[in-house]
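Structure assessment
Single-letter residue listing:
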Amino acid sequence: MKSAQSEPGAHTSRLPGIRRAGIFATVSAVVCSTSMFAIPAASAAVPTFPDNIVVFPDRDFVSIEGYEGHAGETATLEVKRAGKVIGSAEAVVDAGGVAFEVNHPGGVCWGAGTGLAVTPDIRPGDIVSMKFGTTAAGETTVQDTYVTGDAELSGSTITVKGHIGASVNPAQLEQRIIEPALKDTSIGRRDIRAIPGPLTPSDKGGYSSGLEVTGDTFTATYVFDDAANAEIAANAGLGERAMAWEFEDADANRQGLTIAEYGEPGGPGMGGCPNGPLQSGPPAPSGITAAKVSGGLKLNWTPAEAIPGTPAITGYRAVAVGKTVTGSEQVEIGKRISGQAATGTTITGLSANEDYDVYVVGVSSVGETFPAAHAIPVTDATAPTVSATPNGGSTAVAQTVTLTASETGSDIYYTIDGSDPVLSGGVLAPDAIHYTGPMEIASTTTLKFAAFDPSGNVSAISEVLFTVTNDPVPAAPTFTGTPVVGQGTANLSWTAPNPGATGLTITGYTVQAYTSDGTAFGPAKTTAGNVTSLVYDGLSGDTAYQFTVRASNTNGMGPESEKTAAVTVQGALVAVAGPDQNVVRRTTATTVTLDGTGSTTTGATYQWEQVLSSATDPNKVSLTGATTLKPTFSLPVFRTPMTNSPLTFRLTVTAGGQTRTDEVKVVPVPDRVTISSAQWKTGDFRVNGTGSVVGATITFRVGGATGRILGQAAVTAAVAPETGGVYTLRLRNAAAGTTNPGTVWIESTVGGMAGPLTVINK
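Just so it is clear, the structure is predicted and the values come from calculations on it, not from any experiment.

Let us look at a positive patch on the surface. A cluster of basic residues, Lys-204, Lys-681, Arg-686 and Arg-732, forms a positive patch on the protein surface. You can see Arg-686 is positioned in strand E53 (residues 684-691).

Okay, here's the thing in structure tokens:
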């Protein structure tokens, strides 16, 4: 039997050998059994079909689907809780339907490429997001729903109860029970499903189902025509699931999908993956130094930060191990230090005639760092240096000043009355103040400071002057986005900052351009105080620039903003191939128009060409109007050996003996197809499955994705309440063959592919 409870954060276990089977088919069926889709995004965060993020919180497993336009690129997947990253991984996007998976056999482990070596305990409300570099590529919130107990059997009726949070849309909830043995019954499929509403007969017969939501509880009810089938379902090996999706587009595509699997264990999904947060020891502190001082060793370090989701660091253990071995023993002397924020200790009682190795570990409720961090004691005769940030100057408002020593563990002392903090012979002045953190300089002040390192070496005394006029000026503005470039121009916009104080207003803005080497380009440009945008003209074409903006009031000019991202300004000759396109494959050829209308028009000629992978590239198309600004081509009906890889086109613009080029990608978007079952017996061979596009033609193959063709079948509309399409290939008598074909693959005329699936003997 399954475990009696499976709520977020309380992962349970199931008998070995039953937890992995059938996972891929289930995910595909959930996501793929839909109708044709629309390209516009439903929201800024949730991925747009065919891209998707599917989260299995009980197994801490995430499947990324689609993203074929990023094939070959490295993506970063992050799990955040309360704004803090608790798990992350990097993976290369595959060109198949599943881009990549994390914490699942065949995929990557959590921590791959990111160094965050912990398997996150994924829970409802966590944010799972994708990005390429710094560019966001979609996110989803883990839905707050899960099954709370075993299926309950009463005669021919099964009920399954579960939790549904207030944030979950009940209309976007489904409950399923997975049991492959049901395929060989009157149910005719490997799972049974309940959707919101009253009891409704299944399209294939064998049972009726309905789902009711009351408060924070859902109840799925299944009434079977055959009590024996009810018993099979009630004892399903793969268990009960609650499924909810964050958004459903106009074509019923389920985006941002959470599949909570009752009874599935969390933690590492395969060998070699890191432990979960409650089994992970803490990290050691970093930057450890061990300086020989009178009577011992003075240790300093940068405090360790607990891996997100793991128990808090409660302190450290530091030991000095003598290098002399006597009778297979070595002397070990150490200390335990309480508190995560501790930055060091001094180990005393050491022999002046012994050399030591030093080891430091972090300590938490689950253990200690392994292996320990190692440091070798040294005799330090080098004086430290100290710097101030900012390093003096005149300002209109108070300044927060930070003092930093070059050596970890140094003690910094300062004065603000003009006297020296250190007297002759390295003696600390009686009026010197011990620096403990950033300080505010609110009036004109001479700041003097010096540092003693752990070995007692003293730095030179530094002196800086802060002149504070106390005439408040505006804060730094913030740019609202990346500059939009034109020919010799950049269009900039920003938000108005705090004007400095109540009663003050911004009187103007000053915008400065910088070349890539950081040099200011020409005089700054200005706008009035009520204008927060500027077309910055007079820039050199084909040159990269960054920009800053400063606000002014009657007291003067405030600080510069952060620089914008670098952008390259267009020159006199411009080639613009237009934005990348996602083009939906259809059951007939689709006309695609490229758009180079942003290119130079005066005295220019144009040449478009497809960038091919080889002379025999199977995705080659023919361009019509290749010397015009808006050529077209026909995206053909899919057939092997075509792929759904992006098609790249290059535009070359020529004028006045010069040329410029630009490229655009056209990404074919295929349908989604699955193979639900494949059965053979003498004289009878049958394959069933789903497809997202009604009217598509499915081709069946054996021996590989490009192997011998067995036959074809059309995708027809599924019977309500199911959505999307279904297909069946049935071969009888001699057409069925004399032996089981082994495995089958399928391809759709709309580009979808699936397989292999093993054919079972009926």
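Back to the text.
To continue, consider the packing of aromatic side chains. With the rule as written, the count across this model stands at 14 aromatic pairs. On the basis of an interplanar angle of 80° and a centroid distance of 6.0 Å, the ring pair of Tyr-413 and Phe-452 is categorised as edge-to-face. Residue Tyr-413 is found in strand E29 (residues 411-415), and its partner Phe-452 is found in strand E34 (residues 445-452); the two are separated by 39 residues along the sequence. Accessibility expressed as a relative area gives 16% for Phe-452, which makes it buried.

Turning next to the sheet that holds strand E17 (residues 254-261). Two orientations exist for strands paired in a sheet by backbone hydrogen bonds: parallel and antiparallel. Taken in spatial order, the seven strands line up as E5-E2-E1-E17-E16-E11-E12 in an open sheet, and their pairing is mixed. Either end of the sheet is taken by a strand with one partner, and the two such strands are strand E5 (98-102) and strand E12 (191-194). Averaged over all pairs of adjacent strands, the angle between their axes in this sheet comes to 20°, without regard to strand direction. Strand direction decides the pairing type here: strand E16 (residues 240-248) and E17, joined by seven bridges, are antiparallel. Bridge pairing in E17 links Met-243 to Ile-259.

Pairing of side chains with opposite charge becomes possible as their charged atoms draw close. Tallying each qualifying case throughout the model produces 25 salt bridges. With its nearest N and O atoms 3.9 Å apart, the salt bridge here joins Lys-762 to Asp-184. Note that Lys-762 is positioned in the segment after strand E60 (760-761) and Asp-184 in the loop between strand E11 (173-178) and E12, a separation of 578 residues in sequence. Looking at Lys-762, the relative accessible area reads 55%, which means it is exposed. One salt bridge in this structure joins Arg-650 and Glu-609, with 3.5 Å as the shortest N-O distance. One end of the pair, Arg-650, is in strand E50 (residues 647-655); the other, Glu-609, is in strand E47 (residues 605-611), with 41 residues separating them in the sequence.

It is worth spelling out the sheet that holds E34 at this point. Pairing is mixed across the open sheet formed by five strands, whose spatial order is E27-E35-E34-E29-E32. Only two strands of the sheet have a single partner each, and these edge strands are strand E27 (393-395) and strand E32 (433-434). Both E29 and E32 contribute to a ladder of two bridges, which runs antiparallel. Paired with Tyr-413 across the two strands is His-434, which belongs to E32.

Turning to the UniProt feature "domain: Fibronectin type-III" (unreviewed entry) in the protein chain, a few remarks are in order. Following the UniProt record, one finds the feature "domain: Fibronectin type-III" (unreviewed entry) at residues 282-385 and 473-572. The span residues 282-385 is 0% helix and 49% strand, and its two end C-alpha atoms sit 32 Å from each other. Taken as a whole, residues 473-572 contains 0% helix and 44% strand, while its terminal C-alpha atoms sit 40 Å from one another.

A word on the pairing of strand E19 (residues 296-302). Counting buried residues along E19, five of its seven residues qualify, which places the element largely inside the surrounding structure. Pairing analysis gives six bridges linking strand E18 (residues 286-293) to E19, with the strands arranged antiparallel. Looking at E19, one finds that Ala-291 is bridged to Lys-298. Counted between consecutive antiparallel strands, the loop separating E18 from E19 contains two residues, among which Gly-295 sits at a positive phi close to 85°. Relative to strand E22 (residues 344-348), E19 runs antiparallel, the two being bridged by five bridges. Within the sheet, the bridge partner assigned to Asn-300 lies in E22 and is Gly-344.

As a further point, take the pairing of strand E55 (residues 708-714). Across six bridges, the pairing between strand E54 (residues 697-702) and E55 is antiparallel. Along E55, the bridge assignment pairs Phe-700 with Gly-711. Remark: five residues form the turn of the hairpin made by E54 and E55, two consecutive strands paired antiparallel; Gly-703 in that turn has positive phi of roughly 85°.

Our next topic: the side chain of Arg-585. Structurally, the position occupied by Arg-585 is in the loop between strand E45 (581-584) and strand E46 (590-593). Reaching out from Arg-585, the side chain makes a polar contact with the backbone oxygen of Pro-636 at a distance of 3.2 Å. Of note is the side chain of Arg-585, whose polar atom sits 2.8 Å from the side chain of Asn-644.

So, how was this worked out
- Every chain's residues receive numbers from 1 upward, in the order its sequence appears when written.
- Per-residue local features are limited, in this predicted model, to residues with pLDDT of at least 70; the limit for side-chain atom pairs, both in listing and counting, is 80 or more; totals at the level of whole chains, interfaces and linings are taken over all residues.
- Calculation of side-chain values draws on the structure's entire complement of heavy atoms; hydrogens and water are dropped beforehand.
- What makes a patch is a set of residues exposed beyond 30% relative accessible area and free of salt bridges, joined within 9 Å when like-charged and within 5 Å when nonpolar (Val, Leu, Ile, Met, Phe, Trp, Tyr).
- Here the accessible surface of atoms and residues is derived via Shrake-Rupley with a 1.4 Å probe, and residues count as covered only by protein chains that are part of the display.
- The term salt bridge refers to a side-chain nitrogen of Lys or Arg lying within 4 Å of a carboxyl oxygen of Asp or Glu.
- Lys and Arg are tallied as positive, Asp and Glu as negative. Neither His nor the chain termini are counted.
- Where a charge sits is defined by one atom per residue type, namely NZ (Lys), CZ (Arg), CG (Asp) or CD (Glu).
- Secondary structure elements follow DSSP: runs of H or I of four or more residues count as helices, runs of E of two or more count as strands, with numbering from the N terminus.
- Two rings from Phe, Tyr or Trp (for Trp, the six-membered ring) form a pair when their centres sit within 6.5 Å of each other. Planes less than 30 degrees apart are called stacked, planes more than 60 degrees apart edge-to-face, and all others tilted.
- Note on exposure labels: buried denotes an accessible area under 20% of the residue type's maximum, exposed denotes more than 50%, and partly exposed covers the range between, all computed with a 1.4 Å probe on protein chains only.
- For two strands to be treated as a pair, DSSP must find at least two bridges joining them.
- Note on geometry: axes are C-alpha line fits, over the in-contact stretch for helices, and angles between N-to-C directions span 0 to 180 degrees.
- UniProt positions are given in the numbering used here, feature names are shortened, and annotations may be inferred rather than shown by experiment.
- The term polar contact refers here to a pair of N or O atoms within 3.5 Å; inside protein, the definition further demands a hydrogen-donor-capable atom paired with an acceptor-capable atom, and it admits residues adjacent in sequence only when both atoms are side-chain atoms.

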